[in-house]
Amino acid sequence: MLFRSIEVRIHVTFFLLLAWLGMAGMQAGGFGEAVHMVVLVCSVFSCVLLHEFGHAFAARRYGIRTPDITLYPMGGVARIERMPENPRQEIVVALAGPAVNVVIASVLLLGLVLAGALGRMDPMKLQGSFVQELIVVNVWLLLFNLIPAFPMDGGRVLRALLSIWLGHPHATRIAAQIG
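What comes next concerns the included structure. Quick caveat, the model's predicted, so the values are computed rather than measured. (Residues numbered from 1 in each chain as written. Predicted model: local features only at pLDDT ≥ 70, side-chain atom pairs only at ≥ 80, totals over all residues. Heavy atoms only, no water.)

1. Focus on the nonpolar core
- Within the largest apolar cluster, 26 residues are counted, with the highest numbers of intra-cluster contacts made by Val41, Leu49, Phe53, Ile69 and Ile80.
- For this core, the elements supplying multiple residues, two or more each, are β2 (6-10), α1 (12-29), α2 (31-61), β3 (68-72), α3 (87-117) and α4 (130-145).
- In terms of residue count, the dominant contributor to this core is α2 (11 residues).
- With sequence-adjacent residues up to four places away left out, Phe53 is seen in contact with Phe3, Ile6, Val8 and Ile69. (Core = buried A, V, L, I, M, F, W, Y, C linked by side-chain atoms within 4.5 Å. Buried < 20%, exposed > 50% of the residue type's maximum accessible area, 1.4 Å probe, protein only. Helix = DSSP H or I, 4+ residues; strand = E, 2+ residues; numbered from the N terminus. Contact = heavy atoms within 4.5 Å.)

The structure is reproduced here in structure tokens:
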């Protein structure tokens, strides 16, 4: 699939994960649980895809192309042609993905609050709702990606901050060692 000149790829093992989770859901709670698990995982990976597009569009802002984004069972990778040489730009590109997760979680939370305020949803039934699960997942994606372990987003921010004072090669070595 092509979106804004970025090819979106899904690794075959992702489909194996979906099949495995569907079967596990079927065994745990029947057809309804299987559908819930598969839809939840597809929704989570939609959030991961949006996260990766955040990186790609931020890089594009600095004239850097992203040929493709690949979704794997453990996450996604935006193959950006190169990271910006300017540390401040690298910070923007690295934080753009987690910022997308903040926006997704915030919009979903606002939707829940508004639904409760408008009386369209019983606040007592919000616990464990599908939307609440997606909010929690997006918060975890945000926190996980901000771990300062290179080459994750937090590690890239750490490298960019270190490179302001130490230069790019030395900062990369330190960030990789910390990771």
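2. Examining the packing of helix α5 (residues 153-166) against helix α6 (residues 168-178)
- Where α5 contacts α6, the two axes come as close as 8 Å, and the packing angle between them is 145°. In the crossing of α5 with α6, the sense of the turn from one axis to the other is right-handed. Contacts between α5 and α6 pair Gly155, Leu158, Arg159, Leu162, Ser163 and Leu166 from the former with His168, His170, Ala171, Thr172, Ile174, Ala175 and Ile178 from the latter.
- Taken together, the residues of the contact of α5 with α6 sort by class into seven nonpolar, five polar and one charged. (Axes fitted to C-alpha atoms, helices over the stretch in contact; angles between N-to-C directions. Left-handed = near helix turned anticlockwise from the far one by under 90°. Nonpolar A, V, L, I, M, F, W, Y, C, P; charged D, E, K, R; others polar.)

3. As for the sheet that holds strand β1 (residues 2-3)
- Strand order in the open sheet formed by four strands is β1-β2-β3-β4, and the pairing between neighbours is mixed. Edge positions in the sheet fall to β1 and β4 (75-79), since each of these pairs with one other strand and no more.
- One ladder, built from five bridges, connects β3 with β4; its direction is antiparallel. Of the residues in β4, the one forming a bridge with Leu71 is Gly76.
- Each of β1, β2, β3 and β4 is contacted by α2, which is oriented at about 155° to β3, the strand it contacts most. (Pairing = 2+ DSSP bridges.)

4. Quick look at the environment of Leu49
- Looking at where Leu49 falls in the secondary structure, it is placed in helix α2.
- A sequence separation of 89 residues divides Leu49 from Asn138, and the C-alpha atoms of the two residues are 12 Å apart.
- Beyond its immediate sequence surroundings of up to four residues, Leu49 is in contact with Val8, Ile69 and Leu71.

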